[in-house]
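# Observations on the model geometry
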Amino acid sequence: EQPSAPNPVAAPMRSLPWGDLNFLQTTDTHGWQAGHLQEAQYSADWGDYISFAERMREKADTMGVDLLLVDTGDRIEGNGLYDGSTPKGEYFYDIMKEQHIDVICTGNHELYQADAAAREYDITVPNFSGRYLASNLDYINPETGKPVPMAQRYRKFTTKNRGIRVLAFGFLFDFTGNANNTVVQPVEQTIKEDWFQEAIREDVDLFLIIGHVTLRGPEYKALYDAIRGQKWDTPIQFFGGHSHIRNYAKYDSNAHGLQAGRYMETIGWMSIKGLGGSKKVEEESRELKTRSTPTFKRRYIDNNLFGYHYHTGLNDTTFPTEHGKNVSAMINDARKELKLDHTFGCAPKDLWMSRAKYPSSDSLFSWLEKEVLPVVVVNEERKGVPTLALANTGTLRFDVFKGAFTKDTTFIISPFVSKFLVIKDVPYKSAKGILDLLNNGGPVFETSDFHTSQLAPPEQLSVLEDITPATLAQDHFDAFKSQQEQIPLISRSEKDSPDLIPGYTTKDEGGSDGDDTIHSPITFYRVPNCVQAPISFPAEGDPENVDLVFVDFIQPWILMALQFKGEKYGKQDVQSYTNSTLTELLAGWIKDNWSHDC
Ligand SMILES: Nc1ccn([C@@H]2O[C@H](COP(=O)(O)O)[C@@H](O)[C@H]2O)c(=O)n1
């Protein structure tokens with residue numbers, strides 16, 4: 001743990017089911033390798049995760065089973081540990097590489113910026129040489145201008161203890177927002193290629209598909225169909241990512257998928273019992289002959305030391321490995337060098353992305369729209385011109401907690417290098433309808449690559465309905481009726497069971513027993529795709545024209561919406577509005593408005 005991390009709190013736990021082949025998964029860690037320094041239940045760091053993996057490997061060796069680690073991308077953008085240096089990731093890549101990851105792939109965030117994609121190719125791929133897979137991704141060699149595979153397309157290997165023959169692929173969803181030094185081939189095209197068709201005809205005990213892909217997205221459906229077209233019953237294990245949720249999919253009795261959340265909150269655990277393999281012990285071989293299909297089990301591990309001790313059966317003294325401790329020290333040194341604890345001000349209260357309703361005084365997006373945008377969206381040359389300022393809600397990435405607002409917090413909230421752009425003097429009659437179009441979509445966006453869901457926080461890709469106190473109460477009632485595991489714990493006296501900590505209460509295709517820690521549930525309110533602030537509007541009546549100002553990420557949607565409104569604007573009409581990034585503007589706002597000590 002980092003020195004300033006809060007101590008984990010004891011909670012009722014579920015143990016990890018072991019199989020012949022076991023996995024630990026990270027995904028969408030977004031630079032949170034220092035762990036959560038304001039949330040005790042996610043307070044373990046990358047060093048602790050290294051100790052955990054090493055202790056679990058020792059356990060696996062003792063049991064004669066195998067343990068593999070996978071990471072499914074989006075390792076960068078979202079935390080000062082990556083975003084706080086120039087160039088970005090100065091300390092990050094060295095920290096990341098200390099974990100022995102067996103199969104690793106790329107996420108969309110590694111590809112938004114050309115410099116990040118180049119670092120991925122030059123640093124991360126060699127750091128995980130032979131284990132980094134890029135089944136549908138090419139890098140444009142800057143010297144030749146020609147595409148080369150980002151990394152090897154697939155990997156075939158045999159596990160150490162059980163001799164299980166694994167064929168692994170590493171995919172990225174059909175992403176189109178990448179910088180022009182990479183080429184993402186749609187998965188549906190890749191599966192037609194000769195190398196892929198030959199690979200899926202190989203005789204193996206398990207197909208392992210890791211990807212920065214949502215479990216129920218069309219890409220995994222295509223991959224599943226392609227493999228099942230050749231091998232009707234070879235077990236397939238999928239690992240997914242991208243939508244930031246804990247999730248599980250059962251494609252058939254022999255093909256399952258796991259997705260391990262986001263931001264180093266969750267370590268995914270997957271175990272498969274009954275796989276073929278050349279090194280089975282005698283009695284188990286007999287048992288396996290009678291077993292028709294393997295069994296798949298999953299857990300979502302809260303990333304904290306209480307859980308790590310619980311799952312390894314070790315304690316403060318016996319748990320940490322030298323390697324893990326050294327990596328925790330590396331992270332602490334990097335944080336100090338980057339001055340991530342430097343305080344800009346003190347947040348007077350919690351502001352929530354999705355735990356509070358929008359609009360409301362506790363909503364992060366109401367704060368952005370009402371307090372921040374009207375102050376930071378300024379261009380001296382356009383002073384006094386009526387302006388509509390728009391930002392997508394996906395541009396903010398995490399809650400603000402009451403207390404110190406540090407350099408780290410600015411990147412946690414707003415990691416992107418997005419600046420504001422302007423289209424000047426847009427007729428107000430057209431400009432005023434843009435927000436509604438972006439929020440309510442409609443046919444104009446359905447026919448393009450620009451689905452408006454890309455504007456909102458990724459969690460909303462999968463959480464399609466509000467989770468309110470009323471729905472939670474109903475769930476609790478339903479669970480009670482069907483005698484679910486959690487209920488007796490919630491209703492026991494404090495003496496028997498500690499107060500439950502609010503956190504994940506996952507319901508997925510595996511049921512409602514996936515979380516390793518039993519939590520009390522939290523609310524989730526969906527938010528609009530974009531918010532808007534009117535600035536310098538006349539006291540009465542509507543302006544004739546407005547400056548339409550927006551974060552650069554949403555430019556394609558803005559141009560499309562304007563066209564729909566009958567306005568003929570193109571890229572040539574878009575100009576720069578601010579020199580500073582939203583992150584820098586936010587930091588300035590905090591200094592000016594919340595500058596007192598906590
Ligand atoms: N410059 C950017 C880049 C991304 N976003 C938002 O993030 C979403 C993707 O996040 P994942 O972690 O799921 O990959 C994207 O859809 C945008 O909402 C942004 O706002 N600005």
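Residue numbers here run from 1 along each chain, matching the order of that chain's written sequence. The predicted nature of this model means local features are confined to residues of pLDDT at least 70 and side-chain atom pairs, given and counted, to a pLDDT of 80 or more, with totals for whole chains, interfaces and linings taken over all residues.

The name an unreviewed UniProt entry gives the chain is Metallo-dependent phosphatase, with Glarea lozoyensis as the organism.

The helix count covers DSSP runs of H or I at least four residues long, the strand count covers runs of E at least two residues long, and both are numbered beginning at the N terminus. In terms of regular secondary structure, the chain is built from 19 helices and 21 strands. Summarising its shape, the C-alpha atoms of the chain cover approximately 85 × 65 × 50 Å along the three principal directions. Note on burial: count the other C-beta atoms lying within 10 Å of the residue's C-beta; 20 or more is buried, 12 or fewer is exposed, in between is partly exposed, and C-beta positions come from the backbone. Across the 598 residues in the chain, those meeting the buried criterion constitute 47%. Two residues qualify as being in contact provided that their C-beta atoms, derived from the backbone, are within 7 Å of each other. A separation threshold of at least 6 residues defines the contact pool for the chain, and within that pool the share at least 24 residues apart is 79%.

What follows covers the domain arrangement of the chain. Many structure descriptions define interface size as the accessible area lost when the parts assemble. Note that domain bounds follow an automatic or database assignment of domains. As far as domains go, the chain holds domain 1 (21-337) and domain 2 (343-462 + 526-593). Centre-to-centre separation of domain 1 and domain 2, based on C-alpha positions: 34 Å. At the interface, 15 residues of domain 1 touch 14 residues of domain 2. Amino acid classes used here: Ala, Val, Leu, Ile, Met, Phe, Trp, Tyr, Cys and Pro are nonpolar; Asp, Glu, Lys and Arg are charged; the rest, including Gly, are polar. In the side of domain 1 that touches domain 2, the residues fall into 1 nonpolar, 12 polar and 2 charged.

Attention now goes to the sheet that holds strand E5 (residues 147-149). Pairing within the open sheet is antiparallel, and its 3 strands lie in the order E5-E4-E8. If you trace the sheet from one side to the other, it starts and ends with E5 and strand E8 (182-184), each paired once. Between one strand axis and the next, the sheet turns by 30° as a mean value, whatever way the strands run. Two strands form a pair only when DSSP identifies at least two bridges running between them. A fitted line through C-alpha atoms represents every axis, and for helices the fit uses only the stretch in contact; the resulting angles, taken between N-to-C directions, go from 0 to 180 degrees.

Turning to the site of the ligand, a few remarks are in order. Residues are counted as near a molecule or strand when the C-beta atom, derived from backbone positions, lies within 6 Å of that molecule or strand. The ligand sits among 15 residues. The nearest are Gly394, Thr395, Phe416, Pro458 and Phe553. Of the residues that constitute the shell around the ligand, the class distribution is 5 nonpolar, 8 polar and 2 charged. For the shell around the ligand, the domains that each give at least three residues are domain 1 (21-337) and domain 2 (343-462 + 526-593).

Here we take up the nonpolar core. Leu133, Ala168, Leu208 and Ile209 are the most contacted members of the largest nonpolar core, which totals 96 residues. Examining the composition of this core, we find that 7 residues originate from one element, helix H1 (residues 46-63), more than from any other. Filtering out sequence-adjacent residues up to four positions away, leucine 133 remains in contact with Val103, Cys105, Ala151, Gln152, Arg153, Tyr154, Arg155, Ala168, Phe169 and Gly170. Nonpolar cores are identified as sets of buried Ala, Val, Leu, Ile, Met, Phe, Trp, Tyr and Cys residues joined via C-beta atoms within 7 Å. In terms of nonpolar packing, the next biggest core, distinct from the first, is built from 60 residues, Val377, Leu396, Val422 and Ala561 among them.

What follows concerns helix H7 (residues 218-230). Expected span of a helix, by definition, is 1.5 Å for each gap between consecutive residues, and there is one gap fewer than residues. Spanning 13 residues, H7 covers 19 Å between terminal C-alpha atoms, matching the ideal 18 Å at 1.5 Å per step. Taken residue by residue, H7 has Glu219, Tyr220, Leu223 and Ile227 as its buried positions. One face of H7 carries all of its buried residues, which in axial projection span an arc of 90°. For H7, exposure combined with an orientation more than 90 degrees from the buried face picks out Asp225 and Gly229. The arc in question is the one spanned by the directions pointing from the helix axis to the C-beta atoms.

Our next topic: the pairing of strand E1 (residues 21-26). Counted residue by residue, E1 has 6 buried out of 6 residues, so it is predominantly covered. Burial along E1 is two-sided: the face carrying Leu21, Phe23 and Gln25 and the face carrying Asn22, Leu24 and Thr26 are both buried. For a crossover, the right-handed case is the one in which the path from the first strand over the helix to the second runs clockwise, viewed with the strands pointing away from the viewer. For the crossover that starts at E1, traverses H1 and ends in the parallel strand E2 (residues 66-71), the hand is right-handed.

Turning our attention to the sheet that holds strand E13 (residues 266-273). Strand order in the open sheet made by the 5 strands is E3-E2-E1-E13-E14, with mixed pairing throughout. Two strands in the sheet have a free side with no partner beyond their single neighbour: strand E3 (103-104) and strand E14 (295-302). As paired strands, E13 and E14 are joined by 8 bridges and run antiparallel to one another. Counterpart to threonine 266 in the pairing with E14 is aspartate 302. Packing against the sheet, H1 makes contact with E1, E2 and E13, and its axis sits at approximately 155° to E2.

Okay, the packing of H1 against helix H10 (residues 322-337) next. It is at 7 Å that the axes of H1 and H10 come closest, and there the two elements cross at 170°. With respect to H10, the element H1 is oriented roughly antiparallel. For the crossing formed where H1 meets H10, the hand is right-handed. Here Trp46, Gly47, Asp48, Ile50, Ser51 and Glu54 of H1 lie close against H10, whose contacting residues are His323, Gly324, Lys325, Val327, Ser328 and Ile331. For this classification, under 35 degrees means roughly parallel, over 145 means roughly antiparallel, 65 to 115 means roughly perpendicular, and everything else is oblique. A crossing counts as left-handed when the near helix is turned anticlockwise from the far one by less than a right angle, and as right-handed when that turn is clockwise.

Confidence scores labelled pLDDT are given residue by residue by the predictor and lie between 0 and 100. Scored by pLDDT, the chain has a mean of 93; 93% of the residues are at 70 or more. Per-element confidence in the chain is highest for E1, whose mean pLDDT is 99, and lowest for helix H17 (residues 486-491), whose mean pLDDT is 37. Scored as a complex, the prediction yields pTM 0.94 and ipTM 0.99.

So, about H10. The end-to-end C-alpha distance of H10, which contains 16 residues, comes to 22 Å, matching closely the 22 Å that a straight helix rising 1.5 Å per residue would cover. Every buried residue of H10 is listed here: Gly324, Val327, Ser328, Ile331, Ala334 and Arg335. The arc that holds every buried residue of H10, seen down its axis, measures 120°, which confines them to one face. Exposed positions of H10 whose direction lies more than 90 degrees from the buried face are Glu322, Asp333, Lys336 and Glu337. For H10, the secondary structure elements touched by its buried residues are H1, helix H2 (80-83) and helix H3 (92-96). Immediately downstream of H10, the backbone of lysine 339 shows phi near 55°, a positive value.

Of the consecutive residues threonine 86 and proline 87, the connecting peptide bond is found in the cis state with omega at -5°. As for its position among the elements, proline 87 is in the loop between H2 and H3. Note the cis peptide between tyrosine 358 and proline 359, where omega equals -5°. At aspartate 28, a residue that is not glycine, the phi angle is positive and equals roughly 50°.

A few words now on the packing of H1 against helix H9 (residues 305-312). Where H1 contacts H9, the axes come no closer than 10 Å and their chain directions differ by 10°. Here H1 lies roughly parallel to H9, going by the angle between them. Between H1, through Asp48, Phe52, Arg55, Met56 and Lys59, and H9, the contact on the second element is made entirely by Leu305, Tyr308 and Thr312. Its residues assigned to classes, the contact of H1 with H9 shows 4 nonpolar, 1 polar and 3 charged.

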